[in-house]
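Tertiary structure, described
Residues per chain, in single letters:
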Amino acid sequence: MQSIRSRALQPTDIPPVRWGEKRYYSLDYYLKQTFGRKLYKIALDGGMTCPNRDGTLGYRGCIFCSEGGSGDFAGDRNLSISRQLEAGKSLIARKHKEEGYIAYFQAYTGTYAPVSHLRKIYSEAIRFPGVEILSIATRPDCLPPDVLTLLKELAEQKPVWVELGLQTIHPESAAFIRRGYSLTVFEQAVTALRSIGVHVIVHIILGLPGEDTEAMLATIRYLNHLDIQGVKLQLLHILKKTDLADYYREHPFPVMSLEEYLSLLGLCISQLRPDIVIHRLTGDGPKPLLIEPRWTANKRMVLNQIQSYLKSQNIWQGRSYTGGRTIHTL
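Residues numbered from 1 in each chain as written. Predicted model: local features only at pLDDT ≥ 70, side-chain atom pairs only at ≥ 80, totals over all residues. Heavy atoms only, no water.

**Notes on the packing of helix H9 (residues 258-271) against helix H10 (residues 299-312)**
- At a minimum axis separation of 10 Å, H9 and H10 run at an interaxial angle of 55°. As judged from the angle between their axes, H9 and H10 are oblique. As H9 runs across H10, the sense of the crossing is right-handed. Between H9 and H10, the residues in contact are Leu-258, Leu-262, Ser-263, Leu-265, Gly-266 and Ile-269 and Met-301, Val-302, Gln-305, Ile-306, Tyr-309 and Leu-310, respectively.
- Each residue belonging to the contact of H9 with H10 can be placed in one class, and the counts come to nine nonpolar, three polar and no charged. (Axes fitted to C-alpha atoms, helices over the stretch in contact; angles between N-to-C directions. Helix = DSSP H or I, 4+ residues; strand = E, 2+ residues; numbered from the N terminus. Parallel < 35°, antiparallel > 145°, perpendicular 65-115°, else oblique. Left-handed = near helix turned anticlockwise from the far one by under 90°. Contact = heavy atoms within 4.5 Å. Nonpolar A, V, L, I, M, F, W, Y, C, P; charged D, E, K, R; others polar.)

**Observations concerning helix H3 (residues 115-127)**
- End to end, H3 covers 18 Å across 13 residues, agreeing with the expected 18 Å (1.5 Å per residue, within 8%).
- Those residues of H3 lying buried are Leu-118, Ile-121, Tyr-122, Ser-123, Glu-124, Ala-125 and Ile-126.
- Check the buried side of H3 and you find it contacts helix H2 (81-95), strand S2 (100-105), strand S3 (131-138) and helix H4 (145-155). (Expected span 1.5 Å × (residues − 1). Buried < 20%, exposed > 50% of the residue type's maximum accessible area, 1.4 Å probe, protein only.)

**Points about the pairing of strand S6 (residues 230-235)**
- Counting buried positions over the six residues of S6 gives six, a clear majority of the element.
- Neither face of S6 is exposed, since Gly-230, Lys-232 and Gln-234 on one face and Val-231, Leu-233 and Leu-235 on the opposite face are all buried.
- Note that strand S5 (residues 199-206) and S6 share six bridges and pair parallel. Bridge pairing links Ile-205 to Gln-234 in S6.
- Once you follow S5 into helix H7 (residues 213-223) and on to S6, the crossover reads as right-handed. (Pairing = 2+ DSSP bridges. Right-handed = clockwise from strand over helix to strand, strands pointing away.)

**So, the nonpolar core**
- Core analysis: the biggest nonpolar cluster contains 71 residues, and Tyr-122 and Leu-151 have the highest contact counts within it.
- Broken down by element, the residue count for this core peaks at eight residues, all from H9.
- Listed in part, the 13 residues of the second largest apolar core include Cys-62, Phe-64, Leu-236 and Phe-253. (Core = buried A, V, L, I, M, F, W, Y, C linked by side-chain atoms within 4.5 Å.)

**Here's the deal with the environment of Arg-37**
- Along the chain, the position of Arg-37 falls in the loop between helix H1 (27-35) and strand S1 (39-44).
- The contact partners of Arg-37, leaving out residues within four places of it in the chain, are Leu-31, Lys-32, Glu-99, Gly-100, Gly-130 and Glu-132.

**A short note on the sheet that holds S2**
- Strand order in the open sheet formed by seven strands is S1-S2-S3-S4-S5-S6-S8, and the pairing between neighbours is parallel. Only two strands of the sheet have a single neighbouring strand rather than two, namely S1 and strand S8 (277-280). Strand-to-strand twist of the sheet, defined as the mean angle between neighbouring strand axes without regard to direction, takes the value 25°.
- Relative to S8, S6 runs parallel, the two being bridged by three bridges. Paired with Val-231 across the strands is Ile-278, a residue of S8.
- Here H2 sits on the sheet and contacts S1, S2 and S3; the angle it forms with S1, its principal contact strand, is near 135°.
- Against the sheet, H4 touches S3 and strand S4 (160-167), its axis set at about 135° to S4.

**Looking at the state of the cysteines**
- Under the definition given, this model contains zero disulfides.
- Of all cysteine sulfurs in the structure, the one in Cys-62 sits closest to Cys-65, which takes part in no disulfide; the separation is 6.1 Å.
- The structure places no disulfide on Cys-142, whose sulfur is separated from the nearest cysteine sulfur, that of Cys-50, by 6.6 Å.
- Overall, the relative accessible area of 5% leaves Cys-142 in the buried class. (Disulfide = S-S within 2.5 Å.)

**Some points on the side chain of Asp-243**
- Looking at where Asp-243 falls in the secondary structure, it is placed in helix H8 (residues 243-250).
- In contact with Asp-243, other than residues within four places in its own chain, are Arg-60, Ile-63 and Arg-178.

Encoded structure:
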């Protein structure tokens with residue numbers, strides 16, 4: 001892994017006073033600036049499956065995907081959306097002052113159902129007291145015209161975010177993880193969503209087997225040229241009961257240490273366009289399922305180390321960004 005060496009600070013090395021105490025455009029900062037208060041995300045299960053699981057594209061999901069379909073922290077699909085939101089609200093109230101909520105359809109592919117079902121669950125979510133944003137995790141190949149029409153209608157009522165799991169721009173890696181769609185399909189989805197006023201948040205996985213630092217940074221630089229509003233940076237987790245776990249057992253590959261990840265993350269943040277909101281810096285898998293990297297289980301420690309590293313190396317979001325496009329906003 002490349003690293004950023006310390007050196008004497010120059011006058012131009014002072015980070016811009018832009019995001020409060022943090023050196024990147026955090027989701028928390030964006031929400032407080034936009035809504036005037038903190039919003040808490042409540043993960044929901046809308047009862048969908050995925051074309052990578054129902055036989056349309058495959059039966060085993062993406063190689064890293066657990067049985068929960070990336071929704072291991074989502075609500076109980078046997079409950080109505082309102083009851084899932086009530087349950088999430090109760091959990092939040094135990095630790096935090098009640099403020100506002102993001103209704104987040106996290107499990108599986110959040111638009112992979114008849115539009116009549118989607119209209120019912122999405123409408124139920126945005127009508128729930130305190131919900132300020134509707135957020136949906138889905139695939140770019142699961143946004144047919146009738147779903148886009150529905151999202152447009154909803155976006156006229158409350159902000160709508162759609163999270164797309166790009167993971168990587170490299171075809172070899174995309175084939176390895178069984179992503180199942182091309183980069184062109186992803187780009188078309190971004191264009192379609194932006195044309196109807198929906199925020200686009202892109203998921204990227206760092207540490208895929210075979211990708212070196214330059215390959216991962218190429219994915220970051222690619223995002224800089226897209227009309228996207230947010231990114232989730234996810235370190236590759238190897239979880240039990242996944243095909244990736246089987247592959248790792250049979251073909252061991254290097255997993256990043258905390259020090260290596262800090263160095264890589266610093267480079268990513270430095271090169272990322274400064275108006276893109278960073279929704280996640282690492283991610284965390286369910287502890288009972290986590291095989292590697294085990295250091296990620298201590299989330300608070302990891303986040304503290306990230307903040308300390310960015311400060312000690314004088315890194316901030318966009319420090320190395322060289323521009324290249326006109327930035328569009330809603």
